[in-house]
Amino acid sequence: MSEDGIEVSDEEPQDVTDEVDELLDDYHGTRILTVERSTATAHRLSRYDGVCGNVHGHNIEWEVELTIEMTGESHNMPLDFKDVADLLDRFDHALTVAHDDEMLELDPVWGGVKDDADFPVEYQSEVFGQVWVFEGDPTCEVLSQYVANELTSIESVLDAEVTAWETDKYGMSAGSP
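Residues numbered from 1 in each chain as written. Predicted model: local features only at pLDDT ≥ 70, side-chain atom pairs only at ≥ 80, totals over all residues. Heavy atoms only, no water.

Trainee: Summarise the overall build of the chain; cite the residues concerned and give the values.
Mentor: Counting its regular elements, the chain contains 4 helices and 7 strands. When the helices and strands of the chain are placed in sequence order, the string is α-β-β-α-β-α-β-β-α-β-β. Counting only contacts in the chain whose residues sit at least 6 apart along the sequence, the fraction spanning at least 24 positions is 63%. As displayed, the chain has an accessible area near 11000 Å², and 46% of this comes from carbon and sulfur atoms. (Helix = DSSP H or I, 4+ residues; strand = E, 2+ residues; numbered from the N terminus. Contact = heavy atoms within 4.5 Å. Areas by Shrake-Rupley, 256 points an atom, 1.4 Å probe, with all protein chains shown as cover.)

Shown next, in the form of structure tokens:
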């Protein structure tokens with residue numbers, strides 16, 4: 001015992017590498033990662049005959065549930081919650097429209113984007129601000145499927161279930177392709 005009351009050992013320090021590796025093995029397998037997020041997103045359904053054909057917005061409540069593979073990362077976090085939130089946040093305060101929406105013709109920036117477009121396209125407009133252009137009308141079905149596809153392109157993500165709630169009563173879910 002030292003003067004400070006700390007027990008001191010004369011033994012050589014042990015190599016704990018095998019024990020740590022064994023503990024990390026317990027973290028392999030799959031886990032469920034869940035993220036909930038809200039975005040204020042505008043859209044126009046130009047092909048819809050009704051009020052949704054007007055520009056309007058929703059406070060979309062997103063629910064994302066991912067099956068992820070634990071890859072043995074030293075920090076045991078193969079996917080950061082923030083990466084999922086950042087993907088959803090790309091729709092926050094953005095306008096989503098179809099590629100053939102006549103409204104886009106009012107935007108001089110769109111003329112330079114549309115020729116090389118591989119949808120969806122995200123761009124910054126002087127007229128509309130942040131714009132997402134999809135091949136068809138940007139419904140919750142389209143947005144949730146896009147997010148699910150983006151998430152399943154991440155190596156550690158085995159499965160994705162994404163729900164976009166337009167209101168507290170109406171939502172749409174999409175899963176892995």
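Now that the structure has been shown, the text picks up again.
Trainee: Can you explain the pairing of strand β6 (residues 157-165)? Please cite residues and give values.
Mentor: Two elements, strand β2 (residues 56-70) and β6, share 8 bridges in a ladder whose sense is antiparallel. In the strand pairing of β6, Thr-67 is matched with Asp-159. Across 5 bridges, β6 lies against strand β7 (residues 171-175) in antiparallel orientation. Each bridged residue has a counterpart across the sheet, and for Glu-161 the counterpart in β7 is Gly-175. (Pairing = 2+ DSSP bridges.)

Trainee: So what about the nonpolar core? Which residues, and what values?
Mentor: Nonpolar side chains tend toward joint burial in soluble globular proteins. Counting residues in each nonpolar core, the largest one holds 26 residues, and the members touching the most others are Trp-62, Val-64, Leu-66, Val-84, Phe-91, Val-147 and Leu-151. Mapped by element, the contributors of at least two residues to this core are β1 (29-43), β2, α2 (81-89), β5 (129-134), α4 (140-152) and β6. Apart from the residues within four sequence positions on either side, Leu-66 is in contact with Arg-31, Ile-32, Leu-33, Leu-79, Val-84, Leu-151, Val-157, Asp-159 and Ala-160. Membership of the second largest hydrophobic core comes to 9 residues, among which are Val-97, Met-103, Tyr-123 and Val-133. (Core = buried A, V, L, I, M, F, W, Y, C linked by side-chain atoms within 4.5 Å. Buried < 20%, exposed > 50% of the residue type's maximum accessible area, 1.4 Å probe, protein only.)

Trainee: Tell me about the sheet that holds β7, and please be specific about residues and values.
Mentor: The strand order β4-β5-β3-β1-β2-β6-β7 describes an open sheet built from 7 strands, whose pairing is mixed. Each edge of the open sheet carries a strand with a single partner, namely β4 (121-125) and β7. Between one strand and the next, the sheet's axes are offset by a mean angle of 30°, whatever the strand orientation. Pairing of strand β3 (residues 94-98) with β5 involves 4 bridges; the strand directions are parallel. Opposite Leu-95, over in β5, you have Val-131 as the bridge partner. Sheet strands in contact with α2 are β1 and β2, and its direction is about 25° off that of β1. α4 rests against β2, β3, β5, β6 and β7 of the sheet, and its axis sits at about 155° to β6. (Axes fitted to C-alpha atoms, helices over the stretch in contact; angles between N-to-C directions.)

Trainee: Describe the environment of Trp-62, listing the residues and the values that go with them.
Mentor: When you line up the elements, Trp-62 lands in strand β2. According to the relative accessible area criterion, Trp-62 is buried, its value standing at 1%. Residues Trp-62 and Glu-36, spaced 26 residues apart in sequence, show a C-alpha to C-alpha distance of 5.4 Å. Each residue touching Trp-62, except ones within four places of it in the same chain, is listed here: Val-35, Glu-36, Arg-37, Thr-39, Leu-88, Phe-91, Leu-143, Ser-144, Val-147, Val-162, Thr-163 and Ala-164.

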